[in-house]
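Per-entry structural report
What follows is the residue order along each chain.
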Amino acid sequence: MVGGLRREHAGSTQALTGWVHRRRDLGGLLFVDLRDGSGLVQVSFGPDWTDAEALETAHRLGAEEVIRISGEVILRPEEARNPDLATGDIEVQARSLERLNRATTPAIPVYRGPEDELPAEELRLRHRHLDLRRTPLQENMALRHRLILATRNYFDDLGFLEVETPVLTKPTPEGARDYLVPSRVHPGEFYALPQSPQIYKQILMTAGFDRYMQIARCFRDEDLRADRQPEFTQIDVEAAFVGADDVLEWIEGLMETLARVAGVEAEPPFQRMSWAQAMDRYGSDRPDLRWALKLDDWTEVLRTADSNILRGAVAEGGRIRGIRLDGGASLSRRQVEAIEEEAKAAGAPGLLWAKRTADGGSGPLSRWLEEGHWGALEAREGDLLLVAAGPDRVTSPALAATRRAAIQALELPRVTDHAWLWVLDFPLFEEEDGVMFPNHHPFVLPHPDDADRLAEDPLSVRGVAYDLVYNGSELGSGSLRIHDPELQRGVLELLGMGPDEIDGKFGFLLEALASGAPPHGGIALGMDRIVKDFLGAASLRDVIAFPKTTAARALFEGAPSPVLQKELADLHLEVRRRSGRGAEEPQGNEPT
RNA sequence: GGGGCUGUAGCUCAGUUGGUUAGAGUGCCGGUCUGUCACACCGGAGGUCGCGGGUUCGAGUCCCGUCAGCCCCGCCA
């Protein structure tokens, strides 16, 4: 309201409410910047147009007090206009002033000067009501709202139905740790908060809701990161009688729509790449294609180099891959070693590197390179080669980190600011310590071309699965699902489950599949990440009204917290205190 | 679970090699001021140096532990 006043309102009388953002008291004359969700406007108080009583009150206003003023909008004197303010051509000359509520001095300032740093994150979270008053956060929340609204409208137009699914659900054994909710009525039994509505939406498919969507809250009890919160919001989508292309096209349309709302570029169709290609060319299943830089396979060229490291890696079935950086020889030894550190942090034992210089080469790798090698590697004077040798499992993450670090070190130019990508055909399973895990979840449809290898070589089987990647950030993940109960049972068996376990954990799903389940598939998109990435925000905390800390605490309201002994007893719970810590608070006392 | 960074006035920060009474800006309180927009000027109040222990004649500063926030690995799509 106040932020929308413009010169065409001059001459009108306005009644305005809002917060005292800032005050400039010149003695006889005083100015108040009045703020509400829409922005700022300058209100002027002076003896010639303000009631005496109102003027007196205005001199004593404090920051963040809530006021109502009424007065005339005037065009400011030419020399007193403020071009930095949207409402800077005008001001409101207050006739009357009513103080609607006082305000204690804010614990953290809402006003922020041009060179003021933000208060500590801890304080911003503890005093969230004040932090949220700031215009940037108001705008972030507003964009979030518009994106959710646009999502609902988009799917509504396509005939999708939003169906709510339970928040009190059944614990699932796979995937992340569940948040558990004890049952009062059933001693020793627990609900789980959903990690996603995955199984419910598949049951909705078998129930004949052939186009489903939901803005769904999901919960995962895992350690957090800047892009991970314990509770988060998904755009959950599922449809029956569809192929992967249908889902991809719907989502491309959605992203085009949402991007337009946010002022971001998204032009379908998005580039598509198999998981295998992504790993081969970029070492990552979510490559950031804002930069063109790729990995090269130099196994054939370098297997002849007289290096034990290289020969050994190849002899053990590994590959020699690397990155050639145009002009990379300009990096100092220290800078190259910093890149190597990144590769090591990503799990590589080390990085071999060589600079092509006027008098040959330098760097650990160069002593093994002969003239023919340089040529075959297309290395010209001034180039830098960064090489990793070994199994892809090790070198891919290392080279992905190398690529990121090199891009940063050389400040390579972007080829686009908005890189959209579909990564397709993820492997169905991965193996860790001889145990098979589902790469995504156990309901992904095996690729029809690979399905006959399920029994003898399951690790080579791809799933009909797809990830949406934007600027190197995974925005969503989905797949076609298994609708044949026998195939589903077989996959669960491959994961090491016996018949009883399968029936106990997934019996209700198998029963539904057996009742005439249509072929179906879908996707889930991370709403919070979409807002964050569209805004270019540094943290998910800036797009969630009440986020948790990295230790999963809510600082504003103080959750989690101990509960009364009686409440525990009602839930048939007993808390075992960690030993070895003195002076621990009792878990809770009976109310007196 | 592990690694790193940070913690000094309401807020943002400085604080030397361990040394006297811990500073600045801003905010707050009081005053002057009719065109400011980071208003200006004068004056003032404001400190559990996160917490606990240790070393030392002496600790904001060094050591150990601990708590909190942030970033990362593990974990997690």
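Keep in mind that what you see is a predicted model, and the values were worked out from it rather than measured. (Residues numbered from 1 in each chain as written. Chains lettered and ligands numbered in written order. Predicted model: local features only at pLDDT ≥ 70, side-chain atom pairs only at ≥ 80, totals over all residues. Heavy atoms only, no water.)

To continue, consider the pairing of strand S18 (residues 429–432). Note that S18 and strand S19 (residues 435–438) share 4 bridges and pair antiparallel. Paired with Glu430 across the strands is Phe437, a residue of S19. Where S18 folds back onto S19 in an antiparallel hairpin, the turn is made up of 2 residues, including Asp433, whose phi is positive at roughly 50 degrees. (Pairing = 2+ DSSP bridges. Helix = DSSP H or I, 4+ residues; strand = E, 2+ residues; numbered from the N terminus.)

This part covers the protein's contact with RNA strand B. Lining the immediate environment of RNA strand B, one finds 51 residues, of which Asp25, Ala80, Glu91, Ala120 and Thr550 sit closest. At 2.7 Å, a side-chain N or O of Arg24 approaches a base oxygen of RNA strand B. Between RNA strand B and the protein, one listed contact pairs a sugar or linking oxygen with a side-chain N or O atom of Arg220 at 3.2 Å. Breaking the surface near RNA strand B down by element, the ones donating at least two residues are strand S1 (13–25), helix H2 (121–126) and strand S21 (473–480). (Near = heavy atom within 4 Å. Polar contact = N/O pair within 3.5 Å; in protein donor to acceptor, adjacent residues only side chain to side chain.)

All told, the structure shown has 10 aromatic pairs when counted by the stated rule. Taken together, the ring pairs in this structure connect Tyr154, Phe155, Phe160 and Trp250 into an aromatic cluster. For the cation-ring pair, Arg22 lies above Tyr111, with the distance from its terminal atom to the ring centre recorded as 3.8 Å. (Phe/Tyr/Trp six-rings, centres within 6.5 Å; stacked < 30°, edge-to-face > 60°. Lys NZ or Arg CZ within 6 Å of the ring centre and 35° of its normal.)

Turning next to the sheet that holds strand S2 (residues 30–36). The mixed closed barrel is built from 5 strands, whose spatial order is S1-S2-S3-S5-S4. Sheet twist, expressed as the average angle between the axes of neighbouring strands with direction ignored, equals 55 degrees. When S1 meets S2, the two strands line up antiparallel, connected through 6 bridges. Among the inter-strand pairings, Arg23 is bridged to a residue of S2, identified as Val32. In the packing of helix H1 (residues 52–59) onto the sheet, the strands contacted are S1, S2, strand S3 (39–45) and strand S5 (90–101), and the crossing angle to S5 comes to about 80 degrees. (Axes fitted to C-alpha atoms, helices over the stretch in contact; angles between N-to-C directions. Contact = heavy atoms within 4.5 Å.)

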